Amino acid sequence: MSLFYAEWLVWALPFISIPFVLLLSKWPKARDWFAAAIVFLTFLMAVSLLLDVQNGQTITSSIPWLTAYGFTVTAHVDGLAAFLAVVVNSLGLLIVVYSQGYMGHETGLPRYYSLVLLFIGAMTGLVIAGNFLQLYIFWEIVGICSAFLIAFWYDKPEAVRAGLKAFLVTRVGDAALLIGFVWLYATTGSVDFQKLGSMASQGVIPASVVTVTGILILIGAMGKSAQVPLHVWLPDAMEGPTTVSALIHAATMVNAGVYLVARTYPIFSFSSTWLTAVGWVGVISALLAASMATVTMDIKRVLAYSTISQLGFMFAALGTGTPGGWFASQFHLMSQGFFKALGFLAAGSVLHMLGTRDMGQMGGLRKRMPITFVAFLFSTLAITGVPPFVGFWSKDLIITELSLANMTPQLFLILVASVLTSFYMFRALFKVFFGPESKMAVEKNLHEAPKIMTVPLLILSACVLVLGFSEQFASGLLGITESLTLQLPIVAASLLALLIGFGPSYALFYLHNPNPQTLLETHGALRQLRGAFLAGYGFDALYLAVFVKPFTRISNAMRSIQTGILAKNLWPMLAVLLLLAIWLVMR
Amino acid sequence: MNEQQLLLVFSAMLFASGFGTVITTKNLIKMIMGFQVMIWGVNLALFSGGLVDGGVNMFSKSLVVLSISIGASVEALALSFAILAYRRFGTLNPWEIRRLMH
């Protein structure tokens, strides 16, 4: 019952509709709802694709392109692609609907909606692409859209800086990805995922090439998915509108890296070096980002670090090298998408009404914003993994797979990251919604956000509550045959981690006993630790000193040659041309 | 002088006249026109490179068509910049605009 050419239109339709968004700009309401309607259509198509492939079929259709080099444009829909397409488009739809309320008073909305459509379309195209070349094109579109959307308020210098930073940092990863897949192409003569997968399983590709290209492609995924050490762009990306943050963190941008690793799994998983690298990148990111989230005062930054940390969980699951771990990573991706979108939209509704991101100025908001409170509470419970929320199932699956693969150090560190997760999420919850009512809320006579924003929150809240039970369906869809059962010791361990994190958080930020401020004043070691976390372990300072400063110095030195006036700049070119002509004559 | 050399000489002349326009003019619109003339010169050189007996080879033809279409869109973009610059600064003289920036 596939819809008409759904595998093509699901990503081409947003692309085609962008000019109409611009044309409809005379009627703002029509334009905004037109964008939502397009995403709704693509969502329907994604669902129809999902239904088509639910029993393990695949839909492949291709158009020849650059035939001399053996390339095709391929729409390849299997369980993984359809699953991701549904996640991207359902979250995209809710975020676009929420934008109607959140962005309603902004200027520059034609730009906003056309970029959002391009963003969602490119991400869907990325998951449906059947080969590296096509994936790379969409990969770059996703990157440029995120940079432009982060810098949406282009008159704010921090926003422009953040957009540029996102673009430059992910560029490092993109370059690695490009080198990686061109290398593979040079060795094997193919960029097609299926062909490369079967070649790798037959052992046609030399093992060293598999490892090296695999690591290069992993670096690409790390850039996109903001894994340490290429994570520095994501916390700064909070300068963009909250809807954009939700889109980047839940639906589009950061999922691309995890998806890429999952998609290229059949090619590279024969290399144990690669698997180890993937696993450790994830574990380190999960731990470092979670620790940074425990100290920041910006509500959106808490969620940003939390995204890096949760993506680390996914990479750690991929590092196990088992089909179960592979599935766990994708299931957690879906789960993370929903609870993180919920968290961001709830945080967005707070800062839309209150006008600040500083948690120090919030407090006691639960009575004034009950729906937002419930949404943020659900998001917290899901992130920390309280049963029966979706995060519980997906996180326990990851921990189970790590223990089945006998990866004790990784398992231990992931459990530590879970403790920190529970600590920082409850800290944010208590700081924003509990305690005495903040001065700012009283002054502004704070009230609940408009309906257009609370309805998506309620839908997402329902989703995080029930989606955990879709595990059986999802595992069938992704072609996992082994049975996935929760083991009691694992559940106990993860719930224990949850409680260990919750305890101090409750004492410090709800009971204020001991008071966090006095605790910091009396313990020098805690102060130093907090300083290190706040500085993000000095990654930013390092990059500034090693890359940014020397580059700026060189640029300033070049200013004397580059005057900015074309006529002047062309004189050297004339001189070279004359020299060339003289050389030709004299020869 | 055969056909190909003739075409190359013409293309060099086109390029040189465009180049001369770009470096001497003080009008943004004329500068863009000069650019376009330079692109024509390049296109003609590309075209002459593909000359074979009784025609032009497909590869250079397709390159030229690509170059023409890209050139046209670049020119459109440049003209729109010129219009914006005129609205903003009230002049089309690049030297003047640079002075206004500081």
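Residues numbered from 1 in each chain as written. Chains lettered and ligands numbered in written order. Predicted model: local features only at pLDDT ≥ 70, side-chain atom pairs only at ≥ 80, totals over all residues.

When helices and strands are counted, chain B shows four helices and two strands. Projected onto its principal axes, the C-alpha positions of chain B cover 55 × 25 × 15 Å. For chain B, the residues scored as buried account for 12% of the 102 residues in total. (Helix = DSSP H or I, 4+ residues; strand = E, 2+ residues; numbered from the N terminus. Buried ≥ 20, exposed ≤ 12 C-beta atoms within 10 Å, placed from the backbone.)

The helix and strand inventory of chain A stands at 26 helices and two strands. Relative to the 2.2 N^0.38 estimate, which gives 25 Å for 587 residues, the radius of gyration of chain A is 25 Å and therefore close to what a compact globule would have. Considered along the principal axes of its C-alpha atoms, chain A spans approximately 90 × 60 × 55 Å. Looking at the 587 residues of chain A, the share that counts as buried comes to 52%. Summarising the internal contacts of chain A: among those between residues at least 6 apart in sequence, 81% fall at separations of at least 24. (Rg over C-alpha atoms; globule rule 2.2 N^0.38 Å. Contact = placed C-beta atoms within 7 Å.)

A separate point is the interface of chain B and chain A. On the chain A side, the residues contacting the seven residues of chain B number seven residues. Looking at side-chain class alone, the side of chain B that touches chain A contains six nonpolar, no polar and one charged residues. (Nonpolar A, V, L, I, M, F, W, Y, C, P; charged D, E, K, R; others polar.)

Moving on: unusual backbone geometry. All names here are of chain A. With an omega of 5°, the peptide bond running from V228 to P229 counts as cis. Positionally, P229 belongs in the loop between α8 (207-224) and α9 (233-236). Here the amide bond leading from P387 into P388 is cis, since omega sits at 5°, within 30 degrees of zero. Looking at the secondary structure, you find P388 in the loop between α16 (370-384) and α17 (390-404). Its identity as a non-glycine residue notwithstanding, A226 has a phi of 55°, on the positive side.

Bringing the pairing of strand β1 (residues 59-64) of chain A into the picture now. Residues and elements named next belong to chain A. For β1, the buried fraction is low: zero of the six residues fall into the buried class. Relative to strand β2 (residues 72-77), β1 runs antiparallel, the two sharing six bridges. Pairing of T60 across the sheet is with H76, part of β2. (Pairing = 2+ DSSP bridges.)

This next bit is on the domain arrangement of chain A. All names here are of chain A. Here the domain parsing of chain A yields domain 1 (1-206 + 235-258), domain 2 (271-513) and domain 3 (537-586). Placing a centre on the C-alpha atoms of domain 1 and another on those of domain 2 gives a separation of 24 Å. At the interface, 26 residues of domain 1 touch 33 residues of domain 2. If you list the elements that add at least two residues to the side of domain 1 that touches domain 2, you get α3 (79-102), α10 (242-251) and α11 (255-263). (Domains from an automatic or database assignment.)

What follows deals with helix α26 (residues 566-586) of chain A. Between its terminal C-alpha atoms α26(A) stretches 30 Å, which fits the 30 Å expected from 21 residues at 1.5 Å a residue. Sparse coverage of α26(A) is indicated by the burial of zero of its 21 residues. (Expected span 1.5 Å × (residues − 1).)

In this section: the packing of helix α18 (residues 408-433) of chain A against helix α22 (residues 488-511) of chain A. Residues and elements named next belong to chain A. Interhelical geometry of α18 versus α22 gives an angle of 35° and a closest axis separation of 7 Å. α18 and α22 meet at a crossing whose hand is right-handed. Each of L415, S418, V419, L420, T421, S422, F423, F426, R427, F430 and K431 in α18 lies in contact with α22, whose residues at this interface are A493, S494, A497, L498, I500, G501, F502, P504, S505, Y506, F509 and Y510. For the contact of α18 with α22, the per-class residue count stands at 15 nonpolar, six polar and two charged. (Axes fitted to C-alpha atoms, helices over the stretch in contact; angles between N-to-C directions. Left-handed = near helix turned anticlockwise from the far one by under 90°.)

All names here are of chain A. As a packed pair, α8 and helix α13 (residues 272-293) sit with axes 9 Å apart at the nearest point and diverge in direction by 20°. One way to sum up the angle between α8 and α13 is to call them roughly parallel. Once α8 is placed against α13, the crossing between them reads as right-handed. Residue-level inspection shows T211, G214, I215, L218 and M222 of α8 in contact with α13, the latter providing T273, W274, A277, V278 and V281. Within the contact of α8 with α13, the residues separate by chemical class into seven nonpolar, three polar and no charged. (Parallel < 35°, antiparallel > 145°, perpendicular 65-115°, else oblique.)

All names here are of chain A. Counting 192 residues, the largest nonpolar core has A85, F119, A341, L342 and V464 as the members making the most contacts within it. The biggest single contributor to this core is α3, with 17 residues. Built from parts of two domains, this core gets at least three residues from each of domain 1 (1-206 + 235-258) and domain 2 (271-513). Setting aside residues up to four positions removed in sequence, L342 forms contacts with A375, F378, S379, L457, L460, S461 and V464. (Core = buried A, V, L, I, M, F, W, Y, C linked by C-beta atoms within 7 Å.)

Turning to the confidence of the model for chain B, a few remarks are in order. Per-residue pLDDT for chain B has a mean of 86; in total, 96% of the residues score no lower than 70. Reported confidence for the predicted complex is 0.71 by ipTM and 0.86 by pTM. (pLDDT = per-residue confidence, 0-100.)

Moving on, we get to the environment of B:V56. Residues and elements named next belong to chain B. Turning to its location among the elements, V56 is positioned in strand β2 (residues 55-56). Considering only alpha carbons, one finds V56 and A76, 20 residues apart in sequence, at a separation of 29 Å. In this view, V56 contacts F47, G50, L51 and K61; residues no more than four positions away in its chain are not counted.

Moving on: α3(A). If you check α3(A), its first and last C-alpha atoms are 34 Å apart, about what 24 residues at 1.5 Å a residue would give, namely 34 Å. Among the 24 residues that make up α3(A), 24 are buried, leaving the element largely enclosed by the rest of the structure.

Here the focus is the environment of A:G337. Residue position: A:G337 is located in helix α15 (residues 323-354). Separated by 86 residues in sequence, A:G337 and A:A251 place their C-alpha atoms 6.0 Å apart.

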